[in-house]
Amino acid sequence: MNPDPSGLAHSLSPIDLPEPSAPLADPLRWTSLVIALAALSLALLNADAIRGWSYQLPPGAASARIVTAAEGWHDRLDRFGLNRPSEVMRGWWQSARDRRFGGQGSSGGSNPRIRQANASSAAG
Amino acid sequence: MLFPTLTFGLFFLAVYSGAWLLKSSNEWRKIALLVASWIFYGWWDTRFVLLLVASAFLNWGAARLIVAADGRPGLRKAVLALGIAANLSILGFFKYYGFFLVEAEALLHQLGWQRDLAIMQVILPVGVSFFTFQGMSYVIDVYRRETAPAGLLDMTLLMSFFPHLVAGPIVRASHLIPQFQRVPEMTRSMAAMGFTLIVWGLFKKAVIASELSTGLVDPVFFDPAAYSGIDRAAAVYGYAVQIYCDFSAYSDMAIGLAALLGYRFPHNFNQPYRARSLQEFWRRWHISLSSWLRDYLYVSLGGSRHGLRRLCFALAATMLLGGLWHGASWNFVIWGALHGTVLAAERLWREFKPAGWRSLPPWLDIVITFNIVCLSWIFFRAAGLSDALDLLGASAGGGPAMLTPMLLALILFGMSFHFMPRFSIQQVAMRLRALPAPAVGLGVGLVMLVVDSMQPEGVAPFIYYQF
């Protein structure tokens, strides 16, 4: 019995997949459509990240225009509730992050050296 | 320009569109990719684009001279030596100049020479070790007649191509130049695998590596003496997971991005923490570097052709130099020496193991190998030798202060990747490619949204950017 019927174990690159018997049509169009729709869904559902990115641009006239546009986009989507899913997920993740083992205090607890080390490593 | 940022996302959208719009002319397509790669690299420091171009010219020229000297073995060898020396000089100046001057000054002070040497602050160009090794392998391959000499455009693009430029994989000329010489073809398999690798890499980097780094590893390695044994152990195992998720994420994204432009990059990671020996670990970890070290250093040092003593020397020297490749620091020397010693010991054990001794069960081999790797990671990660020794020394009492349920879950989750069926990612991609584009596009967008919601504020650079 052939232990590697797909041939994956002998591929030179991870992207070398066995091709299906019937060729899949129009690969470039398919790929471009996937990229376009992924970008569109992120633009609609992750306006907060776009706004955050615009705040980190180097100051200047062009970046000021980008910030205004990003804030406007964020506010417009907020009216439709499209920022809500990412806010909810961030909240869930933050509450998972904040959970502690029984008897364990907040990060660093009462150890002043740990609190100082945390502050220093965060600053560095 | 970091991969998991919106700036890079916009850059890649432009490059993807331009590259496929220029599909009718391979030469213009390559020129566009070259310019894009220089913009990508110049985002850190425009001055170093000149270094990149000079390095490509140097290696292209050396290979041409080697070909021109065909029939004159002495001259060929001399050109090869000059080409390697020039590459090593670039690497040596940027990576080791400061280190050796500081060490020399300390030595002179000990000998009573109290004058200060003029120590210059040398900025390390991002990815210099990667593109220098890539250039060297090209010159050596041409000398060994293992690859045909490339045109200037192909050679410059080989060294500058942005997906692998700053942290590998180290793609050999024999692998990529033939792909540059024809118009690439896109298939849905390539694209589906590209999307899967990009999203998977994004998750490993932005969620697992970033969370472990900021929440556990960085604080504990900053002041190990302040933490309990549980926190220190968690930080060491956490770092093992962090560096895997960070570095393999970069490789995954690089391979995925190149796939979306129509190019195939080689494997770079293969579930390394399931290795049953250190020798196997190096067949699974940073495969493009370990195979580079094997083909160009270990073999040149004699390899296994001159008896056991020479083999052990070649192993130890290769790993020591592999350690120094990461940077000029005694910690990297210790890291390399540890790996070299254990590799030599494994070889000696195989040679002299008494007949009739039973082998260890596979799971115990894996546990022992993993813990040796983790021990070496302590020296790799610690800021200095004393920090590494502090971490290994007596710990503060008490329970965990930094380890939280989520961090523990991330360590276990990160470890579980090494024990999944080997081609799980490929299986996902094979299902995706058959789906309609709107479903895949929305799916990719939603998964990226989830990942973005989980990542800590800001994205730290990849660990291997510093090498």
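Every value quoted in this text rests on a predicted model; they were computed, and no experiment measured them.

About the thresholds
- Residues numbered from 1 in each chain as written.
- Chains lettered and ligands numbered in written order.
- Predicted model: local features only at pLDDT ≥ 70, side-chain atom pairs only at ≥ 80, totals over all residues.
- Heavy atoms only, no water.
- Salt bridge = Lys/Arg side-chain N within 4 Å of Asp/Glu carboxyl O.
- Helix = DSSP H or I, 4+ residues; strand = E, 2+ residues; numbered from the N terminus.
- Buried < 20%, exposed > 50% of the residue type's maximum accessible area, 1.4 Å probe, protein only.
- Axes fitted to C-alpha atoms, helices over the stretch in contact; angles between N-to-C directions.
- Parallel < 35°, antiparallel > 145°, perpendicular 65-115°, else oblique.
- Left-handed = near helix turned anticlockwise from the far one by under 90°.
- Contact = heavy atoms within 4.5 Å.
- Nonpolar A, V, L, I, M, F, W, Y, C, P; charged D, E, K, R; others polar.
- Core = buried A, V, L, I, M, F, W, Y, C linked by side-chain atoms within 4.5 Å.
- Domains from an automatic or database assignment.
- Buried area = accessible area lost by both parts, 1.4 Å probe.
- Polar contact = N/O pair within 3.5 Å; in protein donor to acceptor, adjacent residues only side chain to side chain.
- Phe/Tyr/Trp six-rings, centres within 6.5 Å; stacked < 30°, edge-to-face > 60°.
- Expected span 1.5 Å × (residues − 1).
- Patch = residues over 30% accessible without salt bridge, like charges linked within 9 Å, V, L, I, M, F, W, Y side chains within 5 Å.
- Areas by Shrake-Rupley, 256 points an atom, 1.4 Å probe, with all protein chains shown as cover.

1. With respect to the pattern of salt bridges
Any two side chains of opposite charge can pair, given that their charged atoms come close.
Here is step 1: As enumerated under the stated definition, the model contains 19 salt bridges over all chains in all.
Here is step 2: Linking Arg172 of chain B and Asp295 of chain B is a salt bridge whose minimum nitrogen-to-oxygen distance equals 3.0 Å. On the criterion of sequence distance, the pair formed by Arg172 of chain B in the loop between α7 (162–165) and α8 (173–180) and Asp295 of chain B in helix α12 (residues 287–298) is long-range, its members being 123 residues apart. Assigned by exposure class, Arg172 of chain B and Asp295 of chain B land together as buried.
Here is step 3: Look at the salt bridges and you will find they share partners, linking Asp48, Arg51 and Arg90 of chain A together with Asp452 of chain B into a network.

2. Brief notes about the packing of helix α9 (residues 188–222) of chain B against helix α17 (residues 405–416) of chain B
All names here are of chain B.
Here is step 1: Packing of α9 against α17 leaves a shortest axis separation of 10 Å and a crossing angle of 135°. Classified by the angle their axes make, α9 and α17 are oblique. Read as a crossing pair, α9 and α17 show a hand that is left-handed. Contacts from Phe203, Val207, Ile208, Glu211, Leu212, Gly215 and Leu216 of α9 reach α17 at Met406, Leu407, Leu410, Ile411 and Phe413.
Here is step 2: Looking at the contact of α9 with α17 residue by residue, the class counts come to ten nonpolar, one polar and one charged.

3. Section: the nonpolar core
Residues and elements named next belong to chain B.
Here is step 1: Core analysis: the biggest nonpolar cluster contains 159 residues, and Phe161, Tyr273, Trp285, Trp377 and Tyr464 have the highest contact counts within it.
Here is step 2: Among the elements that make up this core, the one with the highest residue count is α9 (20 residues).
Here is step 3: The residues that make up this core include at least three from each of domain 1 (6–183) and domain 2 (189–466).
Here is step 4: Excluding residues within four positions of it along the chain, Trp377 makes contact with Tyr239, Ala240, Ile243, Tyr273, Phe281, Trp285 and Trp335.

4. A short note on the interface of chain A and chain B
Here is step 1: Facing 50 residues of chain A, the contacting portion of chain B comprises 68 residues.
Here is step 2: For the pair chain A and chain B, the summed buried area comes to about 5300 Å², and 72% of that belongs to carbon and sulfur atoms.
Here is step 3: Ranking the residues of chain A by area buried against chain B places Ile15, Trp30 and Trp93 of chain A at the top, with a combined share of 16%.
Here is step 4: For the interface between chain A and chain B, the tally reads three salt bridges.
Here is step 5: The interface formed by chain A and chain B contains 16 residue pairs in polar contact (both at pLDDT 80 or more).
Here is step 6: Contributing elements (two or more residues each) for the side of chain A that touches chain B: α1 (27–45), α2 (47–55), α4 (84–98) and α5 (112–123) of chain A.
Here is step 7: For the side of chain A that touches chain B, the element with the highest residue contribution is α1 of chain A, accounting for 13 residues.
Here is step 8: Classifying every residue of the side of chain A that touches chain B by side-chain character gives 29 nonpolar, 14 polar and seven charged.

5. Overview of the packing of aromatic side chains
All names here are of chain B.
Here is step 1: What the rule picks out here adds up to 51 aromatic pairs over all chains.
Here is step 2: Ring centres 6.3 Å apart and planes at 85° place the aromatic pair Tyr239 and Trp377 in the edge-to-face group. Of this pair, Tyr239 sits in helix α10 (residues 229–260) while Trp377 sits in helix α15 (residues 362–381), and the two are 138 residues apart along the sequence. The pair Tyr239 / Trp377 is uniform in exposure class, with both members buried.

6. Comments concerning the environment of Gly194 of chain B
Residues and elements named next belong to chain B.
Here is step 1: If you trace the backbone, Gly194 turns up in helix α9.
Here is step 2: The sequence separation of Gly194 and Leu364 amounts to 170 residues, and the corresponding C-alpha distance is 36 Å.
Here is step 3: When neighbours within four sequence positions are excluded, Gly194 is seen to be in contact with Gly256 and Ala259.

7. With respect to helix α14 (residues 330–352) of chain B
Residues and elements named next belong to chain B.
Here is step 1: Here α14 spans 32 Å end to end across 23 residues, near enough to the 33 Å set by a 1.5 Å rise per residue.
Here is step 2: All of the buried residues along α14 are Asn331, Phe332, Val333, Trp335, Gly336, His339, Gly340, Val342, Leu343, Ala344 and Glu346.
Here is step 3: Those residues of α14 hidden inside the fold are in contact with α11 (278–284), α13 (307–326), α15 and α16 (385–392).
Here is step 4: In this structure Ser329 caps α14, since a side-chain oxygen of it lies 3.0 Å from the backbone nitrogen of Asn331.

8. Side note on the domain arrangement of chain B
Residues and elements named next belong to chain B.
Here is step 1: Parsing chain B into structural domains produces domain 1 (6–183) and domain 2 (189–466).
Here is step 2: Computed over C-alpha atoms, the centres of domain 1 and domain 2 are 25 Å apart.
Here is step 3: The interface of domain 1 with domain 2 comprises 40 residues on the first partner and 34 residues on the second.
Here is step 4: Approximately 3200 Å² of surface area, both sides summed, lies buried where domain 1 meets domain 2, with 67% of it carried by carbon and sulfur atoms.

9. Brief notes about a nonpolar patch on the surface
Here is step 1: A cluster of nonpolar side chains, namely Leu22, Trp28, Ile31, Val35, Ile39, Trp43 and Trp44 of chain B, defines an oily patch on the protein surface of about 670 Å² accessible area.
Here is step 2: By secondary structure assignment, the location of Trp44 of chain B is in the loop between α2 (26–42) and α3 (47–68).

10. Some words on the environment of Ala344 of chain B
Here is step 1: With respect to the helices, strands and loops of the structure, Ala344 of chain B is situated in helix α14.
Here is step 2: A residue is classified by how much of its surface remains accessible, and Ala344 of chain B, at 11% relative accessible area, is buried.

11. Focus on the environment of Asp70 of chain B
All names here are of chain B.
Here is step 1: By the secondary structure assignment, Asp70 is in the loop between α3 and α4 (73–110).
Here is step 2: Expressed as a C-alpha distance, the spacing of Asp70 and His326, which sit 256 residues apart in the sequence, is 35 Å.
Here is step 3: When residues no more than four places from it in sequence are discounted, the contact partners of Asp70 are Arg76 and Arg145.
Here is step 4: Separated by 2.5 Å, the side chains of Asp70 and Arg145 make a polar contact.

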